Amino acid sequence: MESIKVSVYRYDPSSEKEGRFVDYEVPKEEGMVVLDAMKYIERHIDPSLSLRWNCMAGKCGSCSAEINHRPSLMCKTRVDSFKDGKIKVSPIAAYPLIKDLVTDVSQNWDLLKKIPKFTPREGLEKPWKISQVDIERSKEFKKCIECFLCQDVCHVIREHNSGYFGPRHVVKAASLDMHPLDALDRSEFMNKDAGLGYCNITKCCTEVCPEEIHITDNAIIPEKERAVNAEYDPIAIFVRSRRKGGGKR
Amino acid sequence: MSVMSSQYIKHETDVLIIGAGGAGMRAAIAAFDSGSSVTVLSKSLLGKAHTVMAEGGIAAALANVDPKDSWEVHFADTMEEGVYISNFRMAEILSKEAPERVRELEEYGALFDRTPEGTIMQRAFGAHTYRRLCHVGDRTGLEIIRTLEDQILHRDIKFFDEFYVTKLLKDGERVVGAIGIKLNTGDIHVFSSKAVIVSTGGCGRIYKVTSNSWESTGDGLGLAFEAGAELMDMEMIQFHPTGMVFPPGVKGLLVTEGVRGEGGILLNAQGERYMARYSPKKMELDARDIVARANYAEIMAGRGTAHGGVYLDITHRGADFIKRKLPSMYKQYMDFAGVDITKEKMEVAPTVHYQMGGIRVDPESTATNIPGLFASGEVASGLHGANRLGGNSLADILVFGKRSGEGASSYSKKISQGKIDDAAISAEIERVNSLVGRDGLNPYDLASRLEENMSENVGIIRNEENLRKALETIQELKDLSKKAAVHGGLKYNKGLLQVLELPSMLTAAEAIVRGAIERKESRGAHARSDYPKKDPAMRKNIIYTKGERGMRLEWREVPKIPDNLRKLIREEEY
Ligand SMILES: Cc1cc2nc3c(=O)[nH]c(=O)nc-3n(C[C@H](O)[C@H](O)[C@H](O)COP(=O)(O)OP(=O)(O)OC[C@H]3O[C@@H](n4cnc5c(N)ncnc54)[C@H](O)[C@@H]3O)c2cc1C
Ligand code: SF4
Ligand code: SF4
Ligand code: FES
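Position numbers for residues count from 1 along each chain, tracking the sequence in the order it is written. As they are written, the chains are lettered A onward and the ligands numbered 1 onward, keeping that order. For this predicted model, a pLDDT threshold of at least 70 governs which residues receive local features, and a threshold of 80 or more governs which side-chain atom pairs are given and counted, while totals over whole chains, interfaces and linings are taken from all residues. Where side-chain values are given, they derive from all heavy atoms of the structure, hydrogens and water being excluded.

## Quick look at the overall build of chain B
Step number 1: A run of H or I in DSSP becomes a helix once it reaches four residues, and a run of E becomes a strand once it reaches two; helices and strands are each numbered from the N terminus. When helices and strands are counted, chain B shows 16 helices and 19 strands.
Step number 2: Throughout, the radius of gyration refers to the C-alpha atoms, and the reference size of a globule is 2.2 Å times the residue count to the power 0.38. Relative to its length of 574 residues, chain B is compact, with a C-alpha radius of gyration of 23 Å against a globular reference of 25 Å.
Step number 3: When its C-alpha atoms are laid out on the principal axes, chain B stretches across 65 × 55 × 50 Å.
Step number 4: Going through the 574 residues of chain B one by one, you find that 66% of them count as buried.
Step number 5: In chain B, 73% of the contacts between residues at least 6 apart in sequence involve partners at least 24 apart.
Step number 6: About 19600 Å² of surface is accessible on chain B, with carbon and sulfur atoms providing 50% of the total.
Step number 7: Counted as positive: Lys and Arg. Counted as negative: Asp and Glu. His and the chain ends are not counted at all. Each charge is placed at NZ for Lys, CZ for Arg, CG for Asp and CD for Glu. Side-chain charges of chain B comprise 75 positive and 79 negative groups, with the mean position of each set lying 1 Å from the other. Note on classification: 1.4 Å probe, protein chains only; a residue is buried when its accessible area is under 20% of the maximum for its type, exposed when over 50%, partly exposed between these limits. Contacts are residue-level and defined by heavy atoms, with any inter-residue pair within 4.5 Å sufficient. Note on areas: Shrake-Rupley, 1.4 Å probe, and residue coverage restricted to the protein chains presented here.

## Some points on the site of ligand 1
Residues and elements named next belong to chain B.
Step number 1: Ligand 1 sits among 39 residues. The nearest are T51, E215, E378, S393 and L394.
Step number 2: As used in this structure description, the phrase polar contact means that two N or O atoms lie within 3.5 Å; if the pair is within protein, one of them must be able to donate a hydrogen and the other to accept it, and residues adjacent in sequence are counted only when both atoms belong to side chains. One of the backbone N or O atoms of A20 is found 2.9 Å from an oxygen atom in ligand 1.
Step number 3: Between ligand 1 and E55 there is a distance of 3.3 Å, counted from a nitrogen atom to a backbone nitrogen or oxygen.
Step number 4: Elements with a minimum of two residues in the shell around ligand 1: α1 (22-33), β3 (38-42), β8 (163-171), β15 (346-355) and α11 (392-413). Neighbouring residues are identified by heavy atoms, a residue being near a molecule or strand if any of them is within 4 Å of it.

## Topic: the nonpolar core
Step number 1: Definition used in this section: a nonpolar core is a set of buried Ala, Val, Leu, Ile, Met, Phe, Trp, Tyr and Cys residues joined via side-chain atoms within 4.5 Å. Ranked by size, the top nonpolar core spans 242 residues in total, and within it M38(A), M74(A), I206(B) and M454(B) carry the most contacts.
Step number 2: With 14 residues, the top contributor of residues to this core is helix α15 (residues 494-518) of chain B.
Step number 3: If we ignore the near neighbours within four places in the chain, the residues touching M454(B) are I206(B), Y207(B), G459(B), I474(B), A509(B), I512(B) and V513(B).
Step number 4: Judged by nonpolar contacts, the second largest core, of 9 residues, contains I85(B), M236(B), M356(B) and V558(B).

## Quick look at the pairing of strand β19 (residues 550-557) of chain B
Step number 1: The sheet contact formed by strand β18 (residues 540-547) of chain B and β19(B) spans 8 bridges and is antiparallel. Looking across to β19(B), one finds that I542(B) is bridged to W555(B). Two strands are counted as paired when DSSP detects at least two bridges linking them.

## Quick look at the interface of chain B and chain A
Step number 1: Facing the 59 residues of chain B at the interface are 62 residues of chain A.
Step number 2: Summed over both partners, the interface of chain B with chain A buries about 5200 Å², with 54% contributed by carbon and sulfur atoms.
Step number 3: We define a salt bridge as a side-chain nitrogen of Lys or Arg found within 4 Å of a carboxyl oxygen belonging to Asp or Glu. Here chain B and chain A share 10 salt bridges between them.
Step number 4: The residue K126(A) makes a salt bridge to E107(B) at a minimum N-O spacing of 3.6 Å.
Step number 5: Linking chain B to chain A there are 30 residue pairs in polar contact (both at pLDDT 80 or more).
Step number 6: Looking at the side of chain B that touches chain A, the elements that each hand over two or more residues are α3 (88-107), α4 (140-153), β7 (158-161), α10 (327-337) and α15 of chain B.
Step number 7: Of all the elements, α4(B) adds the most residues to the side of chain B that touches chain A, at 7 residues. Once two parts are put together, the accessible area they lose, assessed with a 1.4 Å probe and summed over both, is termed the buried area.

## Digging into the packing of α3(B) against α11(B)
All names here are of chain B.
Step number 1: Only C-alpha atoms enter the line fits that serve as axes; for helices the fit covers just the stretch in contact. Angles between N-to-C directions range over 0 to 180 degrees. Following both chains from N to C, one finds α3 and α11 inclined at 90°, their axes separated by 8 Å at the closest point. Judged by the inter-axis angle, α3 sits roughly perpendicular to α11. Touching R89, M90, I93, L94, E97, A98, R101, E104 and L105 of α3 are N392, A395, D396, L398, V399, F400, K402 and R403, all from α11.
Step number 2: Three residue categories are used. Nonpolar comprises Ala, Val, Leu, Ile, Met, Phe, Trp, Tyr, Cys and Pro, charged comprises Asp, Glu, Lys and Arg, and polar comprises the others, including Gly. Of the residues in the contact of α3 with α11, the class split is 9 nonpolar, 1 polar and 7 charged. Note on terminology: angles under 35 degrees are roughly parallel, angles over 145 are roughly antiparallel, angles of 65 to 115 are roughly perpendicular, and the others are oblique.

## As for the packing of helix α6 (residues 167-177) of chain A against helix α9 (residues 215-229) of chain A
Residues and elements named next belong to chain A.
Step number 1: It is the contact of α6 with α9, at a shortest axis distance of 9 Å, that shows an interaxial angle of 70°. Regarding the angle of α6 to α9, the classification is roughly perpendicular. Here α6 contributes P167, V170, V171, A173, A174 and D177 to the contact with α9, which in turn contributes I215, A219, I220, E223 and R226.
Step number 2: Partitioning the contact of α6 with α9 into residue classes produces 8 nonpolar, no polar and 3 charged.

## Focus: the domain arrangement of chain A
Residue and element names in this part refer to chain A.
Step number 1: For each domain, the first and last residues come from an automatic or database assignment. Per the domain assignment, the segments making up chain A are domain 1 (3-103) and domain 2 (107-242).
Step number 2: Put simply, the middle of domain 1 and the middle of domain 2, counted by C-alpha atoms, are 31 Å apart.
Step number 3: With 17 residues of domain 1 at the interface, the matching set in domain 2 holds 16 residues.
Step number 4: In this assembly, domain 1 packs against domain 2 so that about 1200 Å² is buried in total across both faces, 55% of it on carbon and sulfur atoms.
Step number 5: It is P71, A94 and Y95 that lose the most area in domain 1 upon contact with domain 2, and together they represent 44% of the buried surface on that side.
Step number 6: Counting across the interface, domain 1 meets domain 2 through 1 salt bridge.
Step number 7: As a salt-bridge pair, R158 and E66 come within 2.4 Å of each other at their nearest N and O atoms.
Step number 8: Here domain 1 and domain 2 share 7 residue pairs in polar contact (both at pLDDT 80 or more) between them.
Step number 9: Where the side of domain 1 that touches domain 2 is concerned, the elements lending two or more residues are β3 (64-67) and β4 (70-73).
Step number 10: At 4 residues, β4 tops the list of elements feeding residues into the side of domain 1 that touches domain 2.

## Points about the site of ligand 2
All names here are of chain A.
Step number 1: Around ligand 2, a shell composed of 14 residues is seen, among which C154, C199, T202, K203 and C205 lie nearest.
Step number 2: Secondary-structure elements contributing two or more residues to the shell around ligand 2 are α5 (155-159), α8 (204-208) and α9.
Step number 3: Counted by class, the shell around ligand 2 contains 9 nonpolar, 4 polar and 1 charged residues.

## Describing the packing of aromatic side chains
Residue and element names in this part refer to chain B.
Step number 1: Planes of paired rings set the category: under 30 degrees apart is stacked, over 60 is edge-to-face and the rest tilted, where pairs are Phe, Tyr or Trp rings (Trp by its six-membered ring) whose centres lie within 6.5 Å. With the rule as written, the count across this model stands at 13 aromatic pairs over all chains.
Step number 2: Residues F160 and F163 carry aromatic rings whose centres are separated by 6.3 Å and whose planes lie at 70° to one another, so their mutual orientation is edge-to-face. No difference in accessibility class separates F160 from F163, as the two residues are buried.
Step number 3: Overall, the relative accessible area of 15% leaves F160 in the buried class.

## Quick look at the sheet that holds strand β12 (residues 237-244) of chain B
Residues and elements named next belong to chain B.
Step number 1: Across the sheet, which stays open at both edges, the 4 strands sit in the order β12-β15-β14-β13 with antiparallel pairing between neighbours. Looking at strand neighbours, the two that pair on one side only are β12 and β13 (265-267), the edges of this open sheet. In this sheet, neighbouring strand axes are inclined to one another by 45° on average, regardless of whether the strands run parallel or antiparallel.
Step number 2: Here strand β14 (residues 310-313) runs beside β15; their pairing, made up of 3 bridges, is antiparallel. Within β15, the residue paired with Y311 across the bridge is E347.
Step number 3: Across the sheet, α10 is in contact with β12 and β15; its angle to β12 comes to roughly 70°.

So this is what it looks like as structure tokens:
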């Protein structure tokens, strides 16, 4: 049977001095994805390999890793997409390592807590009426599966201790801001408290997003623009004026 | 409040919720809003629960699209699909309360697709009389999870994700907490709580081919059963007619009913459109169980494809149409199988989809028969009877999730913390530790044997001989699983989780098989080739309990339906 070689990063920071790549030979099957290879290793070679996956269908965002240095979902990356047959799998580098391919992404929950939640306008008549065209903008951002690959590729997060929340969180803020019935404007918060000013629109985040969200063009740039336009009046910052059409588009 | 001891970290909370799918999260919000302190535990990361995979939508009689719809019609549809063994009160509560839960979700920030008038859009689904499924494209589950996650993060609700519960703790008859492992550190934590809610989802993973995510190993069934809770209707397992069969990594992944809805036809390996033999009138669009059984029968008769499926063909609709109407299916086959469904046939086979049975609960509060223990979501039973309507599960997790949060909260206000027995904690810590750091049987091999056994012998068409064979294998695996162990420690050791999951998987499997043997008729999702007819004497529920000499089964009358509700449903025909 044909087989493939996969090089996998192994490291337990609580008991080992340093990490290393270990090569494994895995039988090749037609249509195989990288996650299949990892599961083979876990099942048949070394059950102590730590990895994270849930849905195997690109829907939950659990199986993020760097495959040949590119932030990817293991369950959506086909083994035969690498023509030279070389496959190197390492954990996403933006977060502290727990073990092997598993990183500690919990800081994202703390950041999400800080972004003001959906706050409907007051006095809306029930049941709410919203037209389909008005939900499309927010819908794009709501596709986010929280894989944090965009966070991984962002050089501001990787290299600078800037306090920038990162692209996932701008997408979150944008999904709330673009909600047609939301009363807040989070752009000032994103710029002043969430460090959006550090983003220099390199678009790397957009390139890796498995949900094909136009993170930079549709979320980051509009949030930046609105913040620049807003007056430095604390009320104007949070309570958006409800002119016809809203001030958010 | 947390206390460190040398061996474990101890916490106290009013309400402890095991599971952060739609049911667990909705319960957490309800318990918190009722004034209780709340802690949520989940096996995977927050926001990754199985619920994110749900596609089609949530059933609620809003009557936005079909003004004739009402809770009464939704009630009747649910009871009839459940083939008259559902709990009428649960069906009544669901159909009355689902619209409120949907609108509330909207107020939490969920954005449903809209009608031209701006109200929530509703789509048609199998066996619903009216268009009733509120949806967010084909990612309704993701929207529900993300919306509830937001609400949890903005409340003072404690959560421990990647936390695996290994045992419920008792004080006499009463459940008073739980113990488990925090995966990222390998630390043991003990939670003392006035009430515990189990919302751990289903057990699809005991089958080889399933649409379910990694987590669905029936943990909650095992935990509650061991603590003395009654299970019910376990023999009822829903198969979806079309799951992917290839490539291996996505075997079982759901292929939406929409493909057939848009004109997809089913063919066997000989190119025959066999539905003409099974259902000449409705063809591919007959009820899920009928199409699923037909697909299965073709494969079993040796007329399947090389990968063990049948063909689903939509190519005749043309590339433009397919890409417009079925964008995610197009992408799913392209990404995973490298198959262009505008040019090539899909290979599909029935896939295990949903567990109708589970922990028996009180319809009002979701209390189980064990004081202090509540259950909601897929792990609970009663609502769906012998078959579940599409869209009723998402409604279930919101409606009964909320009720269990409120039920547990109100119980917790009347009682003080129980006493947790130190010896029980020590014994459990010792047990867990004894499973790591040594040679033992490979737990994955044992799980594979179970999965194959279930898929082979306890499929959609059952018979005594195969069921007996399955039971024998389960008995053997129960013994072998005691010898399973893995190397490494407690920290992020998935092999250890597989060892710990085995007993619950085996409990679920044993209940399914014993119940399937006991039910000598065909009703809803339970079909027997040796008893192909429905039997009026078996219009009853099977209850499963832990007895001194193993699992006990008992027939119990279905709660009597009051006249005002009985009038709404058609009489059962035999
Ligand atoms: C592909 C697919 C599509 C579907 N589409 C629809 C649809 O369109 N409409 C519909 O109504 N239904 C649909 N369903 C069914 C529905 O999604 C599920 O029944 C429902 O989401 C179950 O929710 P839950 O909250 O009960 O459990 P789950 O979402 O399964 O959550 C279980 C939780 O329990 C936790 N857990 C489990 N064991 C432990 C343990 N030992 N310790 C700690 N935590 C634990 C897990 O981590 C998880 O957080 C679909 C199902 C699938 C698979
Ligand atoms: S565009 Fe901004 S957020 Fe995206 S990767 Fe570049 S710097 Fe980071
Ligand atoms: S925005 Fe895209 S890349 Fe970033 S977390 Fe969401 S899905 Fe992943
Ligand atoms: S396992 Fe869910 S996205 Fe890969």
